[in-house]
Amino acid sequence: MAKANPVTDAERTRIRELHAEGKGRNVIAKELGRSGRTISEEAARLGLSFARAAEVKAATEVRQADLAALRTQLALDLTYDAMKLRAQMWKPTIVYSFGGKENTYEDHLFDEAPAAEKRALMGTAGMAIDRSLKLSPPATDTEGLAAVDAWLKSMMGG
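So, how was this worked out
- Residues numbered from 1 in each chain as written.
- Predicted model: local features only at pLDDT ≥ 70, side-chain atom pairs only at ≥ 80, totals over all residues.
- Heavy atoms only, no water.
- Core = buried A, V, L, I, M, F, W, Y, C linked by side-chain atoms within 4.5 Å.
- Buried < 20%, exposed > 50% of the residue type's maximum accessible area, 1.4 Å probe, protein only.
- Helix = DSSP H or I, 4+ residues; strand = E, 2+ residues; numbered from the N terminus.
- Salt bridge = Lys/Arg side-chain N within 4 Å of Asp/Glu carboxyl O.
- Polar contact = N/O pair within 3.5 Å; in protein donor to acceptor, adjacent residues only side chain to side chain.
- Contact = heavy atoms within 4.5 Å.
- Phe/Tyr/Trp six-rings, centres within 6.5 Å; stacked < 30°, edge-to-face > 60°.
- Patch = residues over 30% accessible without salt bridge, like charges linked within 9 Å, V, L, I, M, F, W, Y side chains within 5 Å.
- Areas by Shrake-Rupley, 256 points an atom, 1.4 Å probe, with all protein chains shown as cover.
- Arc of directions from axis to C-beta.

J.: What is the right way to look at the nonpolar core in this model?
T.: Most often, soluble globular proteins have nonpolar side chains that are buried together. Residues Leu78, Ala82, Leu85, Met89, Ala113, Leu121, Met122, Ala125, Ala128, Ile129 and Met155 constitute the largest nonpolar core, which totals eleven residues. The leading source of residues in this core is helix α5 (residues 115–135), at five residues. Listed in part, the six residues of the second largest apolar core include Leu18, Ala29, Leu32 and Ile39.

Okay, structure coming up:
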């Protein structure tokens, strides 16, 4: 029994064109107003395949590599941020306040950050280090861990 609505040569040409553009079966079916099954059957007759597992796998691997590189860069940036915050603890610091009935501004220059500000800076630096280590964990070699341990002790003033 013949099909009620056979695929035309123009449609076959369009299937080839769209397939060459990388369009999927469902996109082609929608554009031509045909069922996915019809497109699959015609593609098979034309020697075309919609199996793109290898391409999808390669694209996924590239995306994962890109994300890993971004995480590494973010970990590095967070480490630099922590170092900048730690350095602020030992620099001259202006502490200011607004308040009182007259809502006055007062400030005072200290040779280094007062204890409360050091605590806040160290807490923020610690969070940055923690996030950095989660994004890019250090290698499991003991020499590297010793270097990190020495760095952390120096941050704590030890």
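Further notes follow.
J.: Got a minute to help me understand the pattern of salt bridges in this structure?
T.: Pairs may arise between side chains of opposite charge once their charged atoms sit close together. Inspection of the entire model under this criterion finds ten salt bridges. Across the pair arginine 14 and glutamate 31 runs a salt bridge, and its minimum N-O distance is 2.8 Å. With arginine 14 in helix α1 (residues 9–20) and glutamate 31 in helix α2 (residues 25–32), the pair connects residues that are 17 residues apart, well separated along the chain. Owing to a relative accessible area of 27%, arginine 14 belongs among the partly exposed residues under this scheme. Ionic pairing is found between arginine 37 and glutamate 41, a salt bridge with its closest N-O pair at 3.0 Å. Separated by four residues within a single helix, arginine 37 and glutamate 41 lie in helix α3 (residues 36–45), roughly one turn from each other. Assessed through its relative accessible area of 63%, arginine 37 is described here as exposed. When salt bridges with common partners are traced through the structure, they connect Asp9, Arg12, Glu42 and Arg45 into a single cluster.

J.: Even after reading the chapter, I still don't get the side chain of histidine 19, so can you show me in this structure?
T.: Here histidine 19 shows up in helix α1. We classify histidine 19 as buried; its relative accessible area is 14%. A distance of 2.6 Å separates a polar side-chain atom of histidine 19 from the backbone oxygen of serine 49. In this structure histidine 19 touches Ile28, Leu48, Ser49, Phe50 and Arg52, once residues within four positions along its chain are discounted.

J.: Before we go on, may I ask you to explain the packing of aromatic side chains in this structure?
T.: Two descriptors summarise a pair of aromatic rings, namely the distance from one centre to the other and the angle between the planes of the rings. Under the definition given, this model contains three aromatic pairs. Seen in terms of ring centroids, tyrosine 96 and phenylalanine 98 are 6.3 Å apart; in terms of plane orientation they differ by 75°. Their pairing is edge-to-face. We classify tyrosine 96 as exposed; its relative accessible area is 53%. Overall, phenylalanine 98 belongs to the exposed group, its relative accessible area being 55%. One aromatic cluster is present, formed by Tyr96, Phe98 and Tyr105 through successive ring pairs.

J.: What's the story with a nonpolar patch on the surface in this structure? I'm lost.
T.: Side chains of Ile94, Tyr96, Phe98, Tyr105 and Leu109 sit close together on the surface and give an oily, nonpolar patch of about 600 Å² of accessible area. Within the residue set of the nonpolar patch, elements represented by two or more residues are β1 (93–99) and β2 (104–110). In terms of residue count, β1 provides more of the nonpolar patch than any other element does, three residues in total. By the element assignment, tyrosine 105 lies in strand β2.

J.: I'm lost on α2 in this one. Help?
T.: Counting along an α-helix, one turn takes 3.6 residues, and residues three or four places apart therefore face a common direction. Among all positions of α2, only Ile28, Ala29 and Leu32 are buried. All buried residues of α2 lie within an arc of 100° about the axis, which places them on one face of the element. Facing away from the buried side of α2 by more than 90 degrees, the exposed set consists of Asn26 and Lys30. The elements touched by buried residues of α2 are α1 and α3. Just downstream of α2 lies glycine 33, where phi reads positive at about 70°.

J.: I tried to follow unusual backbone geometry on my own but got confused; where do I start?
T.: With the exception of glycine, the majority of residues adopt a negative phi angle, and the majority of peptide bonds are in the trans configuration. A positive phi is found at asparagine 103, a non-glycine position, where the angle reads about 50°. When you line up the elements, asparagine 103 lands in the loop between β1 and β2. Asparagine 103 sits in the exposed class, given a relative accessible area of 52%.

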